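Structural characterization, general
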Amino acid sequence: MQSTAAVPPAPLEIDEDLLERFGGRGPRYTSYPTADRFHDGFGAADYERALQDRAQRRDDPLGLYVHVPFCRTICWYCACNKIGTKHQEQSAPYLEAVLRELSLVVDRIGRGHRVSHLHFGGGTPTFMPDSELARLIGAFRDAFDFADDDHGEYSIEVDPRTVDASRLRVLRDLGMNRVSLGVQDFDPDVQKAVNRIQPKELTIALIDAARDCGFRSVNVDLIYGLPKQTPESFHRTVEQTIDAQPHRIALYHYAHLPTVFKPQRRIHESELPSSAAKARMFEEAVRLFESAGYMYLGLDHFAKTDDEMAVAQREGRLHRNFQGYTSHDPGDLLALGVSGIASIGDVYAQNEKVLQPYYDALAAGRLPVARGIRLDADDFVRRDAIQALMCGFALDWDWLARRHGVDGARHFAAELTALSPMVDAGAVRIDEAGVTVLPRGRLLVRAVAMVFDRHLAAGARPAGGYSRIA
């Protein structure tokens, strides 16, 4: 399914006055409605009905997500759902719980559905020993019909401190064909300030090993805005990353929310770089990435121009789900493990976020759903509109009419009026074909998407706030 008209690549334009005027904070739109709109009035019975409906849609696209929450050490910047422990034995009962959850799901949807993408997230998925990962992947392959290696997207997040070349070979042999490495920064002083000591040589060797093992894509995560970073030090990190030639790079802005994420209280606010310094870091990183042949996909993601993700964006078939951008139509998504969010039919369902309630539900034979939401017809229209903007910087009225039978210009008349200031500023174009986010407005695509968010306009924002748009 092509989600938008293909968008020709164009250099990203950075206009600081525009960012100051329309920036601020907003959702990342890995889903719509966003997860802060989920509620506990939605429960396991609602999810069960969605799974039973899915049983009748065996030919629809399906993906799997598995959350492994354990980390041997806690990085102080981290905002993920994680459990710090050095006790390796904790992964064994967790594996059994995930297998029980898988059994409950398969009992409701049936076996043999075609799976085109699988993602292990965390925490640290490689906290699990190879034997446990092999058992889990084997259970998936028994339950589902996986697309072959050339057509499936099977990825795992890796902490380079827990993996060497031999483990990468095992992961590749288990069917993983994409790997994402957490790096954040190569500078030793920055690493010490965030409790993540990770020698550059270790990471570079692992990127090389991943290529040698035949992984089709290697992603590297970087974060700017960390304590003790300077524009000069981060410039070195970016250059070193480019020298390593990963296929994709995620460049995240550090959101310092110590009242929400307790580990961030260990970070000294006096050591955080200024707003001006962070702006310089980002602008210089963008310049370096584009000069090195990386294409800006959106938000904080870059890919080599010949990478399948960049090709998918140019051809108008890039998608977005809870794991970020994907070149595959995500369709329905089954999520296993604590805090996992499934998207099945017209519902989102999120599992218990805390380990013991998750275990308790499964021990009682219940799906471990804590909250969720059911989408109405307008949600589906807006979800497609927001995804089109986030993935292709364009919303095509003809495409929207084919998908939903609506006149987009009429349906979104109020939203188009609200976009007028961005149009006048040269960030957005609105014409008879639809809405286009122009190169100088692409860093503000989240702000554009927010205009189409009915729930955001109608409801309170989460207590912890959203991350900065730019």
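These figures come from a predicted structure and were not determined experimentally.

Here the focus is the packing of aromatic side chains. Evaluated as defined, the whole model comprises 14 aromatic pairs. Considering the side-chain rings of Phe120 and Phe140, the 6.5 Å spacing of their centres and the 45 degrees angle between planes classify their relative orientation as tilted. Taken as a pair, Phe120 in strand E5 (residues 117-122) and Phe140 in helix H4 (residues 130-143) lie far apart in primary sequence, 20 residues in all. With a centroid separation of 6.1 Å and an interplanar angle of 45 degrees, the aromatic rings of Tyr358 and Tyr359 are classed as tilted. Here Tyr359 falls in the buried class, since its relative accessible area comes to 16%. Grouped by ring-pair contacts, the aromatic residues Phe70, Tyr94, Phe127, Tyr358 and Tyr359 constitute a single cluster. Taking NZ or CZ as reference, Arg141 lies 4.7 Å from the ring centre of Phe146, over its face. The ring of Tyr325 has Arg320 sitting right over it, with the charged end atom 4.6 Å from the ring centre.

The final tally for this structure, using the stated rule, is 32 salt bridges. Across the pair Arg178 and Glu308 runs a salt bridge whose closest N-O atoms are separated by 2.5 Å. Of this pair, Arg178 sits in strand E8 (residues 178-184) while Glu308 sits in helix H10 (residues 308-314), placing them 130 residues apart in sequence. Look at Arg178 and you get buried, because its relative accessible area is 3%. Owing to a relative accessible area of 27%, Glu308 belongs among the partly exposed residues under this scheme. Salt-bridge contacts for Glu315 lead to Arg317; the nearest nitrogen and oxygen are separated by 2.7 Å.

Of note, Ala210 is situated in helix H7 (residues 200-213). Taking C-alpha positions, Ala210 is 9.8 Å from Pro246, a pair spaced 36 residues apart along the chain. Not counting the four nearest positions on each side in its chain, Ala210 is found in contact with Leu168, Val179, Phe215 and Val218.

What follows concerns the nonpolar core. Core analysis: the largest hydrophobic core is formed by 141 residues, its most contacted members being Tyr47 and Phe144. Broken down by element, this core gets its largest block of residues, 10 residues, from helix H3 (residues 91-109). If we skip the residues at most four places from it in the chain, Tyr47 touches Phe42, Leu334, Ala342, Ile344, Val347, Ala349, Leu367 and Val369. Counting residues in hydrophobic clusters, the runner-up holds 10 residues, among them Cys78, Val190, Val194 and Ile223.

This part covers the side chain of Thr34. Secondary-structure assignment places Thr34 in the loop between helix H1 (16-22) and helix H2 (44-54). Among the polar contacts listed, one links the side chain of Thr34 to the side chain of Asp36, at a separation of 2.7 Å. With residues near it in sequence (within four places) discarded, Thr34 still touches Pro27, Tyr29 and Tyr466.

Counting buried positions over the 5 residues of strand E11 (residues 294-298) gives 5, a clear majority of the element. As paired elements, E11 and strand E12 (residues 301-304) share 4 bridges and run antiparallel to each other. Counted as the bridge partner of Gly298 is His301 from E12. Hairpin connection of E11 to E12: 2 residues between the antiparallel strands, including Leu299 at a positive phi of 50 degrees.

Across the junction of Tyr32 and Pro33, the peptide omega takes the value -5 degrees, indicating a cis bond. Mapped onto the elements of the fold, Pro33 is located in the loop between H1 and H2. Put simply, Gly122 and Gly123 share a cis peptide bond, and its omega is 15 degrees. Its place among the elements puts Gly123 in the loop between E5 and H4. In the Ramachandran plot, Ser339 falls in the positive-phi region, its phi being about 70 degrees despite a non-glycine side chain. By the secondary structure assignment, Ser339 is in the loop between strand E15 (332-336) and strand E16 (341-344).

This part takes up the environment of Ala335. Within the element layout of this structure, Ala335 appears in strand E15. The exposure class assigned to Ala335 is buried, which follows from its relative accessible area of 4%. Each C-alpha atom, one on Ala335 and one on Phe127, is 19 Å from the other, the two residues being 208 residues apart in sequence. Apart from the residues within four sequence positions on either side, Ala335 is in contact with Tyr65, Glu101, Gly340, Ile341, Ala342 and Asn351.

Each value, and the rule that gives it
All residue numbers refer to positions counted from 1 along the written sequence of the respective chain. Per-residue local features of the predicted model are confined to residues with pLDDT of at least 70, and side-chain atom pairs are confined, for both listing and counting, to 80 or more; whole-chain, interface and lining totals are unaffected and use all residues. Based on all heavy atoms of the structure, the side-chain values leave hydrogens and waters out of the count. Pairing of aromatic rings covers Phe, Tyr and Trp, the last counted by its six-membered ring, and requires centre-to-centre distances within 6.5 Å; plane angles under 30 degrees mean stacked, over 60 mean edge-to-face, and any other angle means tilted. Note on conventions: DSSP H or I runs of at least 4 residues are helices, E runs of at least 2 residues are strands, and numbering of each starts at the N terminus. Three labels apply to residues, based on accessible area from a 1.4 Å probe with only protein chains included: buried if under 20% of the type maximum, exposed if over 50%, partly exposed otherwise in between. Consider the ring centre and the ring normal. A charge sits over the ring if Lys NZ or Arg CZ is within 6 Å of that centre and within 35 degrees of that normal. For this analysis, a salt bridge means a side-chain nitrogen from Lys or Arg found within 4 Å of a carboxyl oxygen belonging to Asp or Glu. Contact definition: two residues touch when any of their heavy atoms are within 4.5 Å. Only buried residues count toward a nonpolar core, which is a set of Ala, Val, Leu, Ile, Met, Phe, Trp, Tyr and Cys residues joined through side-chain atoms within 4.5 Å. Whenever two N or O atoms come within 3.5 Å, that pair is a polar contact, provided that in protein one can donate a hydrogen and the other can accept it, and provided that, for residues adjacent in sequence, both atoms are side-chain atoms. A pair of strands is considered paired only if DSSP assigns at least 2 bridges between the two.

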